[in-house]
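This is what each chain is made of:
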Amino acid sequence: AFERVALWEILRITQWLHIDEGSLILQEGKEERTFGVLLEGEVEVSVNGRAVARLGEGEVLGEMAFLDARQRGRSATVLALRPCVYMEVNPHAYELASEECKQHFQELLVGALTRRLRDASGRLSQDAPEATVPRRLTRELELVPEIDLDPPSPGHESAANSSFTGLRSSRAIS
């Protein structure tokens, strides 16, 4: 949760937009780095003219363009399906924000990306071939020392010469 001082800072680095139904919020291919949070309403996200998601209140929009400065142009179009209130974050003002404020937004951005990646993986898996099932699963590996207990050779101070032969599975699941 944001503290009172942080709320004032958010107001300083954002612009609150009232968007009519049927209006574009973000346009695929457009070169800009703003991102924001949908405070009210519902939107449709499309890529290459194909609807990929419907998002509602509290969802982050424009995060990919903001986080990946090397990307040229937006990766999706966002259309308001109902009247919306959108809190747009200015990337230049964001850079001047306090670390606490940035951290709150970073947590919001990472959470949104994680949820969307998980959803996309689930959708992709529906059309994917069945996975190969392993016969057994090795869970733990340990280093197995090979110890030479012969007396040390002249000029060597240690009582035993040791080396590691490598990794060996300590337990396998059938």
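How each quantity is defined
Residues numbered from 1 in each chain as written. Predicted model: local features only at pLDDT ≥ 70, side-chain atom pairs only at ≥ 80, totals over all residues. Heavy atoms only, no water. Core = buried A, V, L, I, M, F, W, Y, C linked by side-chain atoms within 4.5 Å. Buried < 20%, exposed > 50% of the residue type's maximum accessible area, 1.4 Å probe, protein only. Helix = DSSP H or I, 4+ residues; strand = E, 2+ residues; numbered from the N terminus. Contact = heavy atoms within 4.5 Å. Pairing = 2+ DSSP bridges. Axes fitted to C-alpha atoms, helices over the stretch in contact; angles between N-to-C directions. pLDDT = per-residue confidence, 0-100. Salt bridge = Lys/Arg side-chain N within 4 Å of Asp/Glu carboxyl O. Phe/Tyr/Trp six-rings, centres within 6.5 Å; stacked < 30°, edge-to-face > 60°. Expected span 1.5 Å × (residues − 1).

Asks: Break down the nonpolar core for me, with residues and values.
Replies: Taken as a class, soluble globular proteins show a tendency for nonpolar side chains to be buried jointly. If you look at the biggest cluster of nonpolar residues, it comprises 15 residues, and the most contacted ones within it are Ile 13, Phe 35, Val 89, Tyr 94, Cys 101 and Phe 105. A total of four residues in this core trace back to one element, the largest contributor, which is helix H4 (residues 99-127). Here Ile 13 is in contact with Glu 88, Val 89, Asn 90, Ala 93, Tyr 94, Ala 97, Cys 101 and Phe 105, once residues within four sequence places are set aside. Counting 13 residues, the second largest nonpolar core, distinct from the first, contains Val 43, Leu 55, Leu 61 and Tyr 86.

Asks: Requested: an account of the sheet that holds strand E2 (residues 24-26), with residues and values cited.
Replies: The four strands lie next to each other as E2-E7-E4-E5, forming an open sheet whose pairing is antiparallel. Here the strands that pair on one side only, and so sit at the sheet edges, are E2 and strand E5 (50-55). Sheet twist, expressed as the average angle between the axes of neighbouring strands with direction ignored, equals 30°.

Asks: Explain the confidence of the model for the chain residue by residue, including any values.
Replies: When pLDDT is averaged along the chain, the result is 83; 75% of the residues meet or exceed 70. Across the chain, the element-wise mean pLDDT spans from 49 in strand E10 (residues 161-173) up to 98 in strand E7 (residues 77-80).

Asks: Can you lay out the pattern of salt bridges for me, pointing to particular residues and giving the numbers?
Replies: Inspection of every chain in the model, using the stated rule, returns eight salt bridges. Put simply, Arg 115 and Glu 59 hold a salt bridge, and the shortest N to O gap is 3.7 Å. With Arg 115 in helix H4 and Glu 59 in the loop between E5 and strand E6 (60-61), the pair connects residues that are 56 residues apart, well separated along the chain. When the shortest N-O distance is used, the salt bridge between Arg 70 and Asp 68 registers 3.4 Å. A relative accessible area of 75% places Arg 70 in the exposed class. One continuous salt-bridge network, built from bridges that share partners, spans Glu 59, Glu 63, Arg 115 and Arg 116.

Asks: Let's hear about the packing of aromatic side chains: which residues, and what values?
Replies: Applying the stated criterion across every chain yields a total of five aromatic pairs. Considering the side-chain rings of Phe 35 and Phe 105, the 5.8 Å spacing of their centres and the 85° angle between planes classify their relative orientation as edge-to-face. Of the two residues, Phe 35 sits in strand E3 (residues 35-40) while Phe 105 sits in helix H4, which places them 70 residues apart along the sequence. Of the two residues, Phe 35 and Phe 105, both sit in the buried class. A centroid spacing of 5.0 Å and a plane angle of 90° characterise the contact between Phe 66 and Tyr 94, whose relative ring orientation is edge-to-face. With Phe 66 in helix H2 (residues 63-67) and Tyr 94 in helix H3 (residues 91-95), this residue pair connects regions lying 28 residues apart in the sequence. Overall, the relative accessible area of 6% leaves Phe 66 in the buried class.

Asks: Give me the environment of Leu 81: which residues, what numbers.
Replies: Within the fold, Leu 81 resides in the loop between E7 and strand E8 (84-89). Setting aside anything within four residues of it in sequence, one finds Leu 81 in contact with Glu 21, Glu 42, Val 43, Glu 44 and Arg 54.

Asks: An account of H4 is requested, with residue identities and associated values reported.
Replies: Between its first and last C-alpha, H4 extends 42 Å over 29 residues, near the 42 Å set by a 1.5 Å rise per residue. Along H4, the residues that are buried comprise Cys 101, Lys 102, Phe 105, Leu 109 and Ala 112.

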